[in-house]
Amino acid sequence: MGGHIYQNVSPTSLKRAIELFAPQFSGASQQDSAELITYLLDALHEDLNRVKNPPYVEMPDVDLGRKLSISGAEAWKLSCIRNDSFVYDNFYGLYKSKCVCPHCDKVTIKFDPFNHITLEIPQQPLRHIVVVLFRDSDEVGPELPTKFIISLSHTSTMIGLKERLRELSGTSLSRLSVCGIDFDDRKIRDVYNDQQPISVIPPNGTVVAYEADTNTRDDNTIIPCVVTQYALDSNLVEVGGMNRQAVGIPLLFSIDASLSCAQIYDKTLTYVISYAKDSSGCVMSKKALRKNLRLRISTQDGPPTDFFLSPEDNQSFLSFLEANRIEFTHYFDLEWVDLIDFGRDGTKIHYSNFTSMKCDPSYTEREHKLRSDPNSVSLYECFESFTQPERLDDDNMLYCSGCKKHGRAMKTVTLWRIPKILVVHLKRFEYRGTFNRSKIGVLVDFPLDGLDLSHHSTHNINGADFVNDSIPLMYDLFGCVNHYGRMGFGHYTAHARRWDETGAEQGWAEFDDENVTNVSNAESIVSPAAYVLFYKRRLFV
């Protein structure tokens, strides 16, 4: 098949051997290739299993008081007591399933082995939400905000959005605040709570996330601050704020109450200095900015006060408030006095700088896909749909060991340990009525190289300590089974990479019955006919 000795190999003898042990695959009728692959992996593992008399091993529920990394490692070790073969070592992984009891909210976690993943193709498109993230300047220093696209089902809540953002950005979940912004007056409109549905976000709306400690402590030592930015023209008379115009996106961060006014000023400056570039791209110095950048104490809805935080005032912020008889506040106006240009004055900061952002790869990839083929779905979307929580039906109710009741629990299945060889079955056939089974012909856009599953493995996210954790979860496609036609009547072909004796890749080949041809355009492999995908984990040496 690699083109060295034979052009093609007839699998007739293999089919006859399979029929002896699995009569469901006998005859000339078309069989499901995904079912055949699953059977072959199971059968080969059983024949090659080095454990001749497998002992009974019960996979216990996870003790929530222990680290998941330890529980996951023990679950894999227990499964290997019964299973020890080349197939198991390379084709098998672990699912992590979490069930939440609808009666007492008890959480049950289990690990289960698998040798392939069946992914449903989302019929209702996922919602793609643009999120702009401001990192804590104390953590990352001065940098522009980052733009992401988060893909979620329409029934998801804000906690799901935050969890996905945490996976992509590495921020702490407890320090993320997701806000709705009024882009007309440049102010924070809503601070969403974790249980709100994502449907509260306006269609095509953008939300802003901030990394900050927004939960004030009882001793008021942590103060959340909201900063709205304005361009101010000193040549205009200040009448009802007519000499200033809101710009950019408001800031939300936290400060320690013991900080001085100068330290708070400098912290605010760190968030915005990346915007302070002239037409040549030169960043203004902090010394120059301090002369014309004013941090004014303001109110949530009313007019700003006449009190300013000086970059040279070293008294504590709380002392400043008490000395000026100002009530506890965390609202500020940052006024760029005669610094912002709305025309073409190259010596000033152009107002468009305040919309500058970095783009995460998730945003770039999703934006490109939506422009090129808005009707297709990506393989990453299928993985996202696979890990969405679902309510168990009446035939699969969970028995809760806490309240001793059966109930339709909320179940979430995620990938924990992903095998070296990953078999992905795209579920293209679905039942519509008792006798009608139809095929889903949607194009699933899958990468030929560099399938990154780092964000789809909860084992990887939780930092478990398996031996191969240092190897990135990057996969390359080496085979694809295609199905043409309809259920029960159609035609199978396959694509596979070709290698020489040294392992060097020699392109792709298409296998169509007895015909074997070279593939001139590898991108043509990605088609609506793709049914089963074979990925291998990339080796890094």
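As for the confidence of the model for the chain
Counting all residues, the mean pLDDT for the chain is 83, and 87% of those residues have values of 70 or more. Ranking the elements of the chain by mean pLDDT puts helix α12 (residues 458-461) last with 56 and strand β22 (residues 421-427) first with 95.

Describing the packing of aromatic side chains
In total, this model carries 13 aromatic pairs according to the counting rule given. Relative to F114, the ring of Y95 has its centre 4.2 Å away and its plane inclined at 20°; by these criteria the two rings are stacked. Of this pair, Y95 sits in strand β1 (residues 93-100) while F114 sits in strand β2 (residues 107-114), placing them 19 residues apart in sequence. A single burial state applies to Y95 and to F114, both of which are buried. Judged by centre distance (5.7 Å) and plane angle (75°), the rings of F429 and Y531 are edge-to-face. Taken together, the residues span a long stretch of sequence, with F429 in strand β23 (residues 429-431) and Y531 in strand β31 (residues 530-537) at a distance of 102 residues.

Re the sheet that holds β2
Spatial ordering of the open sheet is given by β2-β1-β21-β18, a layout of four strands whose pairing is antiparallel. Edge positions in the sheet fall to β2 and β18 (390-391), since each of these pairs with one other strand and no more. Pairing geometry for β1 and β2, over eight bridges, is antiparallel. In the sheet register, K98 faces β2, and the bridge partner there is I109.

Quick look at the sheet that holds strand β10 (residues 244-256)
Ordered in space as β10-β9-β13-β11-β12, the five strands form an open sheet in which the pairing is mixed. Of all strands in the sheet, those with a lone pairing partner are β10 and β12 (308-309), marking the two edges. Where strand β11 (residues 293-297) lies against β12, two bridges are found, and the strand directions are antiparallel. Note on β12: the bridge partner recorded for R296 is F308. Helix α7 (residues 261-272) contacts β9 (222-232), β10, β11, β12 and β13 (331-337) of the sheet and is inclined by roughly 125° relative to β10.

Focus on the state of the cysteines
On inspection of all chains with the given rule, the structure shows zero disulfides. The thiol of C403 is unpaired, and the distance to the nearest cysteine sulfur, on C101, comes to 3.7 Å. Among the residues examined, C403 registers a relative accessible area of 21% and is labelled partly exposed.

Digging into the pattern of salt bridges
Applying the stated criterion across every chain, the model contains 22 salt bridges. The partner of R175 in a salt bridge is D213, with the nearest N and O atoms 3.0 Å apart. Of this pair, R175 sits in the loop between α6 (158-169) and β6 (176-182) while D213 sits in the loop between β8 (206-211) and β9, placing them 38 residues apart in sequence. Here R175 falls in the buried class, since its relative accessible area comes to 14%. What makes D213 partly exposed here is its relative accessible area of 30%. Close ionic contact of R497 with D449 constitutes a salt bridge, the shortest N to O distance being 2.7 Å. Of this pair, R497 sits in strand β28 (residues 489-499) while D449 sits in the loop between β25 (444-445) and β26 (451-452); the two residues are 48 residues apart in sequence, bridging distant segments of the chain. The exposure class of D449 is partly exposed, given its relative accessible area of 45%. When salt bridges that share partners are traced, they join R135, D136, R175, E211, D213 and K267 into one network.

Calculation criteria
- Residues numbered from 1 in each chain as written.
- Predicted model: local features only at pLDDT ≥ 70, side-chain atom pairs only at ≥ 80, totals over all residues.
- Heavy atoms only, no water.
- pLDDT = per-residue confidence, 0-100.
- Helix = DSSP H or I, 4+ residues; strand = E, 2+ residues; numbered from the N terminus.
- Phe/Tyr/Trp six-rings, centres within 6.5 Å; stacked < 30°, edge-to-face > 60°.
- Buried < 20%, exposed > 50% of the residue type's maximum accessible area, 1.4 Å probe, protein only.
- Pairing = 2+ DSSP bridges.
- Contact = heavy atoms within 4.5 Å.
- Axes fitted to C-alpha atoms, helices over the stretch in contact; angles between N-to-C directions.
- Disulfide = S-S within 2.5 Å.
- Salt bridge = Lys/Arg side-chain N within 4 Å of Asp/Glu carboxyl O.

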